[in-house]
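Letter by letter, the chains look like this.
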Amino acid sequence: MSWKLNCHADLMEQAMTRKILAMGAAPGLISLAGGMPAPESFPVAQIKEAAGKVLTDTPAAALQYGVSDGYMPLREWVSQDLEKRGVHYAPDQILITNGSQQAISLAAWVFLEDGAKLAVETPTYLAAISTFRPTGCDFVDMPCDCDGPIPEELYKVADARFAYVIPNFQNPAGLLISAKRRRAIAEAASELGLPIFEDNPYGDLYYDNEPPAPLAAVDPENTIYGGSFSKVLSPGMRVGYVACPKPVYKYFLNLKSAIDVHTNMLNQMIVHEVVKDGFLDNHLESVRSRYKVHRDAMAQALTKYMPKEAAWQTPSGGMFFWVTFPEGTDCTSLLDEAVKRGVAYVPGEAFYAIDPPTNSLRLSFVTVSVEQIDAGVKMLAELLS
Ligand SMILES: Cc1ncc(COP(=O)(O)O)c(C=O)c1O
């Protein structure tokens, strides 16, 4: 049988994402690869109680089909939460999605097509690259420095359909864009007519200072904003959202409805029940203090063991360290040997949409113990020395 596939089917390459998830599950392996939250951070008791309440009080709504936009009380909660961050989107501009991954995916199919330009940071989130690529779009690198995209140079990518930016504790590089730079990026993009997709799954995971207001605070009419409950409650529940300027909202909604009708009603209602009375305030305090200990342990282990040629910056939030080695180091080929020795990481190559170098890697510090961090970084340093 010869199947006649979509001409872009071969671009649907998810091999690295699947490999990372599999490595996280391998027994005995110290996986510094995964991008998963620590299971100890899941508020199991609150989710259980909320599930019981939802199924007792409103079983018909929870188990019935719902509207494609999402559960209105949750959309209202998201709108108010964004308002507290200085971002104004009305509830009818918020679409509840199957994780923020779906928000990215909707943006891909609403805006991109063969040959359309898409501006990305270099490096950037690998599963976003995998989502954008099958549209046939042309990736263009946004000129960036250590404070993110350079506003004065955005004109070079002004003909892109949008710019995909992760301002808080970027995956994979861990960078946080400063308040001044955010304003300048948002203003330059508005002037150029370059829409921004602001992806913010990590903003609440800060270990030093709270991040500045989102780019969307400057010009929500030019910004599509993706958010998620994955890193603050549970990724398995798959509840995220996208906030859109009014003129494009209907395209996101139409596509969402064609793809999967709506996000799981029961989960949306449970998430709302958990968050509605301020639960996240205390919960996030405890997640942050837990992850900060792990972040510090990894910073210490890297300083203790890594060869002097290795370079990294300690992230002030999020889940990842990004480590760069001298040119010519092949972190991609070394992965199999690292796994044989008992430690896994993600080769940096996976985070480049174009011309990937091989001399970097991403290490996650949240699902492993402090002892595993020390042992894993030591093994890696021995391999890379
Ligand atoms: C930058 C970024 N965006 C989006 C996502 C997707 O998260 P979710 O779909 O679980 O909300 C992730 C997950 O790791 C991520 O790192």
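From a predicted model like this one, the values you see are computed outputs, not experimental measurements.

Asks: It is not clear to me how the domain arrangement of the chain should be interpreted in this structure. Could you clarify?
Replies: It is common to give the size of an interface as the accessible area that goes away when the parts come together. Its domain assignment divides the chain into domain 1 (11–41 + 281–384) and domain 2 (44–277). In this structure, domain 1 and domain 2 have C-alpha centres spaced 24 Å apart. With 31 residues of domain 1 in contact, the opposing surface of domain 2 contributes 30 residues. Interface of domain 1 and domain 2: buried area, both sides summed, is about 2900 Å²; carbon and sulfur atoms make up 64% of it. Connecting domain 1 to domain 2 are two salt bridges.

Asks: Help me understand the nonpolar core, please; the structure alone is not making it clear to me.
Replies: If you look at soluble globular proteins, the nonpolar side chains tend to sit buried side by side. Membership of the largest hydrophobic core comes to 39 residues, with the highest contact counts inside it found for Leu32, Met298, Leu363, Val377 and Leu380. Every element with two or more residues in this core is listed here: helix H10 (279–305), strand S11 (320–324), helix H11 (331–341), strand S14 (360–364) and helix H12 (370–384). Residue contributions to this core reach at least three from each of two domains, namely domain 1 (11–41 + 281–384) and domain 2 (44–277). When neighbours within four sequence positions are excluded, Leu363 is seen to be in contact with Leu32, Met298, Leu302, Met319, Phe320, Phe321, Val323, Tyr345 and Leu380. Within the second largest apolar cluster, 30 residues are counted, among which are Trp77, Val87, Ile96 and Leu284.

Asks: Mind showing me how you'd approach the environment of Ile96 here?
Replies: Here Ile96 shows up in strand S2 (residues 94–97). When its relative accessible area of 0% is taken as the criterion, Ile96 is described as buried. Expressed as a C-alpha distance, the spacing of Ile96 and Val339, which sit 243 residues apart in the sequence, is 38 Å. Sequence-distant contacts of Ile96, defined by excluding residues within four places in its chain, comprise Ser68, Asp69, Gly70, Tyr71, Leu74, Arg75, Val239, Gly240, Tyr241, Lys256, Thr263 and Gln268.

Asks: I'm lost on the site of the ligand in this one. Help?
Replies: Close contacts around the ligand come from 14 residues, with Ser100, Asp199, Tyr202, Ser228 and Ser230 the closest. A distance of 2.8 Å separates an oxygen atom of the ligand from a polar backbone atom of Gln101. In this structure, Tyr202 approaches the ligand through a side-chain N or O atom, which is 2.6 Å from an oxygen atom. Computed on the free molecule, the ligand has an accessible area of 390 Å², of which 93% lies beneath the protein chains in the complex. With four residues, the top contributor of residues to the shell around the ligand is helix H5 (residues 99–111). Across the shell around the ligand, the residue classes break down as five nonpolar, six polar and three charged.

The rules behind these values
Residues numbered from 1 in each chain as written. Predicted model: local features only at pLDDT ≥ 70, side-chain atom pairs only at ≥ 80, totals over all residues. Heavy atoms only, no water. Domains from an automatic or database assignment. Contact = heavy atoms within 4.5 Å. Buried area = accessible area lost by both parts, 1.4 Å probe. Salt bridge = Lys/Arg side-chain N within 4 Å of Asp/Glu carboxyl O. Core = buried A, V, L, I, M, F, W, Y, C linked by side-chain atoms within 4.5 Å. Buried < 20%, exposed > 50% of the residue type's maximum accessible area, 1.4 Å probe, protein only. Helix = DSSP H or I, 4+ residues; strand = E, 2+ residues; numbered from the N terminus. Near = heavy atom within 4 Å. Polar contact = N/O pair within 3.5 Å; in protein donor to acceptor, adjacent residues only side chain to side chain. Areas by Shrake-Rupley, 256 points an atom, 1.4 Å probe, with all protein chains shown as cover. Nonpolar A, V, L, I, M, F, W, Y, C, P; charged D, E, K, R; others polar.

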